[in-house]
Amino acid sequence: MAMTQLTTQDLTRIVAANGLPALLGRLVDYLEADFRRWPEFDKSPRSAAHSALGVIELMPVADAKEYSFKYVNGHPGNTKLGLSTVVAFGVLADMDTGMPTLISELTLTTALRTAATSVMAAKLLARKDAKTMALIGNGAQSEFQALAFHHLMGIEEVRVFDTDPAATDKLVRNLAVAAPALRVVRSAGVAQAVRGADIVTTVTADKANADILTPEMIEPGMHINGVGGDCPGKTELAPEVVANASVFVEFEPQSRIEGELQQMPADFPATELWEVLTLRAAGRRNGAEVTLFDSVGFALEDYSALRLVRDCAKELGLGHEAGLIPVLRDPKDLFGELAAAPAIARLKVA
């Protein structure tokens, strides 16, 4: 069974061939289909190794057919070293044989799946007439969020703010090219950006308990897309904001540890998205309700994204043999793989 490798170059070709709006739309479809069969998956919170500077995580999930995992880090200080804050790769494997079938870049793909998951949630939770979004945090994820909401949710105006003006410069420059019809408004601060916004997306990187949104900023009918709070000790919303919202999550046991929910009592109510998608629970109930998607990222989203990029690669004839699994003429003769190499055959016992 061959193991295919997809590189960052393959992913950029997939985006170019499909077009970003269409690819994001396909990804939302894959996510919704997988979340609707939520009970079929073997799920667990991700395994995390924390340091003073960041975190490295492994994110597994499986159904009866396929297993997947993602390796991903989060190191906010990396940009000072000329390195990415987040990098990732992922694997798909066949459950019947245990043979890995795909290894793929997931750094770019994670940004796509995070934005697509935000849209999946907003379709259920935001007001249908939403036209404006505040985007707080203008780093590596910000373009993906802005473009997904513009193309898939009809957002016409995005108000942007970051404590680093260079990050906002970068975002404005990229959006001017990628979405010329989207109005991009620079804001002097969080309060100015949020005022009157239908949707508020926070996607900051600092590993800290921050109060980026405070109660006086929240208006009736807002949908809050809290993306940046995704590990213990890292939050973006004042506890009162969470307490006064209807809260929706991906996988509650993980969100209690990592999300905005880590600030709340263990019995604070939260609804998993799959329950809304399958009509077991209500989403937005009225136009004045404040809804919060406490997004931390869950392994099922990577499973969906890996399946999509594999399918797209097949359609386009992309990818190559990874060469990470030995192909044995006799599956019981692993040593023979070494002995067949001339350098190994010449070794002498001392």
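Cut-offs used in this document
Residues numbered from 1 in each chain as written. Predicted model: local features only at pLDDT ≥ 70, side-chain atom pairs only at ≥ 80, totals over all residues. Heavy atoms only, no water. Helix = DSSP H or I, 4+ residues; strand = E, 2+ residues; numbered from the N terminus. Rg over C-alpha atoms; globule rule 2.2 N^0.38 Å. Buried < 20%, exposed > 50% of the residue type's maximum accessible area, 1.4 Å probe, protein only. Contact = heavy atoms within 4.5 Å. Pairing = 2+ DSSP bridges. Axes fitted to C-alpha atoms, helices over the stretch in contact; angles between N-to-C directions.

From N to C terminus, the protein chain includes twelve helices and 18 strands. Taking 350 residues into account, the globule formula puts the C-alpha radius of gyration at 20 Å, and the protein chain, at 22 Å, falls close to it. Overall size of the protein chain, expressed as C-alpha extent along the three principal axes, is 75 × 45 × 40 Å. Within the protein chain, buried positions represent 51% of all 350 residues. In the protein chain, the share of contacts with a sequence separation of at least 24, taken over all contacts with a separation of at least 6, comes to 71%.

We now examine the environment of Leu-152. With respect to the helices, strands and loops of the structure, Leu-152 is situated in helix 4 (residues 142–153). A sequence separation of 124 residues divides Leu-152 from Val-28, and the C-alpha atoms of the two residues are 9.4 Å apart. When neighbours within four sequence positions are excluded, Leu-152 is seen to be in contact with Pro-21, Leu-24, Gly-25, Val-28 and Val-119.

This next bit is on the sheet that holds strand 17 (residues 291–294). Taken together, the eight strands give an open sheet; going across it, the order is 10-9-8-11-13-17-15-16, and neighbouring strands pair in parallel fashion. The sheet is open, and its two borders are formed by strand 10 (183–186) and strand 16 (271–272), each paired with just one other strand. Here four bridges tie strand 11 (residues 199–202) to strand 13 (residues 223–226), and the two strands are oriented parallel to one another. By the bridge assignment for strand 13, Val-200 is matched with Ile-224. Where helix 4 meets the sheet, it contacts strand 8 (132–136), strand 11 and strand 13, and its direction lies at approximately 170° from that of strand 8.

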